[in-house]
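# Notes for the structure review
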Amino acid sequence: MNHPAVLSSRVRLARNYEDLPFDAHRPGVAETCVSRTANALALSGEDRGFALLTMASLGEDRRDALVESRMISRELAASPDSAVLLQEDDRLSVMMGEEDHLRIQAITDGLSLDEAAARCFAVEDALSRHVRFAFDDQLGYLTACPTDTGTGMRASLLMHLPMLAHHKQMGSVSSIAAKVGLNARGYYGEGNEALGDIYQISNQITLGRTEAEVIATVTALGEQLSETEAELRRNALAERRTATEDKIFRAWGILMNARLLPLKEFYSLWSALRLGAVLGLVPVSPESLDSLPVEVQDAHLRAYNEKPLTGEDLDAARAARVQSVIRAAKR
Amino acid sequence: MLCEECNNREARFAVTMNVNGESVVRHLCPECMRAMNANMRGGNIAGVLSAILSAITAGEGMRRPEMREKEPAEQLPDITCQRCGTTYVQFRKSGRLGCPGCYEAFREQLRPMLQQVSGGAQHAGRRPLETLEAQRTRSRQEELTRLMQQAVALEDFETAALLRDQIHALAEEGGADA
């Protein structure tokens, strides 16, 4: 079944070398992680397509753009001695010198946690032939933070849930998620904000459950939320068609005509427009809009325009980018 | 303090929840903490979620539990990991262990915390390749032992002797690897 509410799937594995201290800021730790991991991957013959990027060698804009695309964490970007092995097109990354020595991460389209996990495990298996990870029979993979031990795995879904948010049900969803050992929270914005009605669903518990069990639970919640969202969408069209259309068409009008588009305003209009796309009320597909929340962030706009844009120039570049993406997507 | 969920048992955990932007601390007993975690296995999400549809009422507000063991009033033990020099007090302050050796050094202190947060603190997932090999050897040994016992039961001592030699050979291989 198709789940248009699921934007992407992500799996991340934490692994540590058994002979090194966890803290990558200690002298030599990050460097050892980087050289050892890169060597092991090369020895395994699985290094094709990976680029080795050290944080010190990357410009600030490039690092920020990688954070915006979720290819590296903010923490990694801030550690000059750290590095990433990156297959950017396949959204596969091995962060080295993070909170844990290694964070192996794969992002895939739609509801596909199994595929994301398989990609991570393939990298882990290749490395495991040449290095030893800290492992305990009872506690599983040992991690810097004891709440990550066990599988060391976080499986998460990025979801667009405008109807549940409209009905102010995300609080209940979060409590339900917590009851089954999952976490549901707004992805963009600060504190309790959920800009663009984008939420991340992920597992909290890593010990005592197999990877397959965790993935099945996160997937089940994702499917349920997606179906609940679909039901609420149908109700909105049946019962409040004019008001629903009004909100969507206004968003379309502003997005297509604005000259300046601040990021916060963009998120709210994007959410309405994507809802319209899922409902078939606007002439673009939902998938064609899925990359926009990343494309219109500052570092991405600077890279796209090849200019050190700031302030109002960024808002102008954002409006232009949105309009060009929507025009290209128009059926 | 009594658990705020069951109002019956002594609360051992302080769970910080974010309710509409405000941090709220709820105190739970190990039982209720475990129940919260164990629900995951039951996979009873569908039933609970369908309730959302039928009861579109005011939201309860966002909750984001962060599990943390309540700081006991008594003195934290004065233990230092011999491998990296991290003390238990430092770990309790930062939430980060110093090295894989800290798990051994602080094993007794970590055990109750991990057991209560995760239900049963026994790893159930993947293992490193080396351990997978060992696992295969062990399951092969178990299979051979079972066959040997069958052979003995059938008084087929010749086969049993052959199987016994194979088991010994496997054990020696395993020993050479370790």
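The rules we used
Residues numbered from 1 in each chain as written. Chains lettered and ligands numbered in written order. Predicted model: local features only at pLDDT ≥ 70, side-chain atom pairs only at ≥ 80, totals over all residues. Heavy atoms only, no water. Phe/Tyr/Trp six-rings, centres within 6.5 Å; stacked < 30°, edge-to-face > 60°. Helix = DSSP H or I, 4+ residues; strand = E, 2+ residues; numbered from the N terminus. Buried < 20%, exposed > 50% of the residue type's maximum accessible area, 1.4 Å probe, protein only. Lys NZ or Arg CZ within 6 Å of the ring centre and 35° of its normal. Expected span 1.5 Å × (residues − 1). Arc of directions from axis to C-beta. Contact = heavy atoms within 4.5 Å.

### A few points about the packing of aromatic side chains
Residues and elements named next belong to chain A. Under the counting rule described, the total for this entry stands at 8 aromatic pairs over all chains. Here Tyr17 and Phe133 contribute two aromatic rings whose centre-to-centre distance is 5.7 Å and whose plane-to-plane angle is 25 degrees, an arrangement assigned as stacked. Here Phe133 lies in the loop between helix 4 (113–128) and strand 6 (135–136) and Tyr17 lies in the loop between strand 1 (6–15) and helix 1 (29–44), a separation of 116 residues in the sequence. Owing to a relative accessible area of 0%, Tyr17 belongs among the buried residues under this scheme. Relative accessible area serves as the criterion here: at 4%, Phe133 is assigned to the buried category. These aromatic residues form a ring-pair network of at least three members: Tyr187, Tyr188, Phe266 and Tyr267. It is Arg70 that lies over the ring of Tyr187; its NZ or CZ is 5.5 Å from the centre.

### Digging into unusual backbone geometry
Residues and elements named next belong to chain A. Residues other than glycine seldom take positive phi values, yet Arg70 does so here, at roughly 65 degrees. The residue Arg70 is located in the loop between helix 2 (60–68) and helix 3 (74–77) in this model. In the Ramachandran plot, Arg91 falls in the positive-phi region, its phi being about 50 degrees despite a non-glycine side chain. Overall, the relative accessible area of 27% leaves Arg91 in the partly exposed class.

### Regarding helix 1 of chain A
Residue and element names in this part refer to chain A. In a regular helix each residue adds 1.5 Å, so 16 residues correspond to 22 Å; helix 1 covers 22 Å between its end C-alpha atoms and thus fits that length. Taken as a whole, helix 1 has its buried residues at Val29, Ala30, Cys33, Val34, Thr37, Ala38, Ala40, Leu41 and Ser44. Seen end-on, helix 1 carries its buried residues on one side only, within an arc spanning 160 degrees. On its buried face, helix 1 is in contact with strand 2 (51–54), strand 3 (83–87), strand 4 (92–96), strand 5 (102–109) and helix 4. Two residues or fewer after helix 1 comes Gly45, characterised by a positive phi angle close to 75 degrees.

Any link to function would need more than the numbers given here.
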